[in-house]
Amino acid sequence: MLPAPLRLFFVAVPLLVAAGALAMAAFPRRMTNWQARGPEGTTQIAPSETRILMMRIMGVVVAGLALLMVVANFAFIP
């Protein structure tokens, strides 16, 4: 049996990854909008719709894998 701080690490890290991935899936435009200052003024740089869709899909996939890791940690490390 592992000590409590080590078990907490194996649960906290995947939960943080899952939270970040779900944030990426929920708000892809806010996480990828860029503002650049050029000689003419401020320019907005935004990703294409395909990239937004892929960010949503990959965010859900990564969050699912991270949550699976949490469940597997409880199953393999009692």
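Calculation criteria
Residues numbered from 1 in each chain as written. Predicted model: local features only at pLDDT ≥ 70, side-chain atom pairs only at ≥ 80, totals over all residues. Heavy atoms only, no water. Helix = DSSP H or I, 4+ residues; strand = E, 2+ residues; numbered from the N terminus. Rg over C-alpha atoms; globule rule 2.2 N^0.38 Å. Buried < 20%, exposed > 50% of the residue type's maximum accessible area, 1.4 Å probe, protein only. Phe/Tyr/Trp six-rings, centres within 6.5 Å; stacked < 30°, edge-to-face > 60°. Expected span 1.5 Å × (residues − 1). Contact = heavy atoms within 4.5 Å.

(A) Structural detail: the overall build of the protein chain. Secondary structure assignment for the protein chain yields three helices and two strands. Ordered by position from the N terminus, the helices and strands of the protein chain form the series α-α-β-β-α. Relative to the globule expectation of 12 Å for 78 residues, the C-alpha radius of gyration of the protein chain, 18 Å, shows a markedly less compact shape. Counting only C-alpha atoms and orienting by the principal axes, one finds that the protein chain spans roughly 65 × 25 × 10 Å. Across the 78 residues that make up the protein chain, the buried fraction comes to 19%.

(B) Geometry of the packing of aromatic side chains. In the structure shown here, the tally under the stated rule is one aromatic pair. Seen from their ring centres, F9 and F10 are 5.8 Å apart, and the 70° between their planes marks the pair as edge-to-face. A relative accessible area of 47% means that F9 is categorised as partly exposed.

(C) Molecular detail of helix α3 (residues 49-76). Taking 1.5 Å of rise per residue, the 28 residues of α3 would be expected to cover 40 Å, and the 40 Å separating its terminal C-alpha atoms lies within 8% of that figure. Looking only at α3, the buried set comprises I52, M55, G59, A63, A66, V70 and N73. Close packing links the buried residues of α3 with α1 (4-26) and α2 (28-32).

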